[in-house]
Amino acid sequence: MDKPSDDVRDNFVKIVPRADESEFDRSVLGMNLKALARIYDDVAQKQQNFAAALKLRGLSVSCPRDCGLCCEHFMPDILPVEADMLAYHLLLRRPALIQLVFQDADKSARSDGCPFWNAEGRGRNCLVYEGRPLICRLFGCSTVHSKKGEPVFALCKQFPHNPQVPQRRYIGAQQIQDSFGAIPPAMSDYSAMILGIEPDGVSSRMPLDKALPPALNRVALMLQMTAKPA
Ligand code: SF4
Ligand code: SF4
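The paragraphs below set out a description of the structure included in this document.

Analysis parameters
Residues numbered from 1 in each chain as written. Chains lettered and ligands numbered in written order. Predicted model: local features only at pLDDT ≥ 70, side-chain atom pairs only at ≥ 80, totals over all residues. Helix = DSSP H or I, 4+ residues; strand = E, 2+ residues; numbered from the N terminus. Expected span 1.5 Å × (residues − 1). Buried ≥ 20, exposed ≤ 12 C-beta atoms within 10 Å, placed from the backbone. Near = placed C-beta within 6 Å. Nonpolar A, V, L, I, M, F, W, Y, C, P; charged D, E, K, R; others polar. Core = buried A, V, L, I, M, F, W, Y, C linked by C-beta atoms within 7 Å. Contact = placed C-beta atoms within 7 Å.

## A short note on helix H4 (residues 80-92)
The terminal C-alpha atoms of H4 lie 18 Å apart, and with 13 residues this matches the ideal 18 Å at 1.5 Å per residue to within 8%. Turning to H4, its buried residues are Pro80, Val81, Glu82, Ala83, Asp84, Met85, Leu86, Ala87, Tyr88, Leu90 and Leu91.

See the structure below:
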């Protein structure tokens, strides 16, 4: 289903406060979200370790405060479990933002970017930061694998030039370690971990705005099924 009916949309918020967390956590969906949360925590830990290593060397390699350009005009492709996590975040913490998904879906001339990009955010441009998918967590601080299987760390073009790390690309674990003191998380490793939660989901990867309506339905339904009796 691409889009919930108005009734379902209106009921999203009403049903959520009555969810029984322990029942929800025991559901397959709840367990999948917990597994994903552990992976996201691990990414954050690796990024903190990387930032700490840079600090030890007195290196400044980070996003300018008011940037956020990487998600302007960008629509992430996400797996169903990532859509479920974002739906869970919206339903429980940011229900007022749910309308942005449907406002965009209702437009005849579609906007070309993520519905949660806030151009006025001044460095806090993501309206769903805590629930954002993996690719958004890795912007600017991750490695990809070269054809030879080596990690490659490319500094974002928007990072200010730093003479201590003059190259834009660092190739191989040794070069990255020698230059920065640590290695950022590898995108493909974490993508594979997330695929491991729901291996069948690989063929269902889709743009965030398409993935969210069915995810909102799935998560709202499970919250309803695990709701505390009135
Ligand atoms: S990763 Fe690059 S484009 Fe994105 S916020 Fe950081 S500096 Fe800006
Ligand atoms: S979810 Fe947030 S970080 Fe990701 S593309 Fe949308 S606005 Fe950017």
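## Here's the deal with unusual backbone geometry
Apart from glycine, the bulk of residues carry a negative phi angle, and the bulk of peptide bonds sit in the trans form. Located in the positive-phi region is His73, a residue other than glycine, with phi close to 60 degrees. Within the secondary structure layout, His73 lies in the loop between helix H3 (28-56) and strand E1 (77-78).

## Re the site of ligand 2
Ligand 2 sits among Cys71, Phe74, Pro76, Cys114, Phe116, Trp117, Cys126, Val128, Arg132 and Cys136. Here the shell around ligand 2 is composed, by residue class, of 9 nonpolar, no polar and 1 charged.

## Points about the nonpolar core
Counting 33 residues, the largest nonpolar core has Leu86, Ala87, Leu91, Leu212, Ala215, Leu216 and Val219 as its most contacted members. Secondary structure elements with two or more residues in this core: H3, H4, helix H5 (98-106), helix H8 (187-197) and helix H9 (208-225). For this core, the leading source of residues is H9, giving 9 residues. When sequence neighbours within four positions are dropped, the list of residues in contact with Leu86 reads Val128, Gly131, Pro133, Leu212 and Ala215.

Spatial relationships are all this shows, so hold off on functional conclusions.
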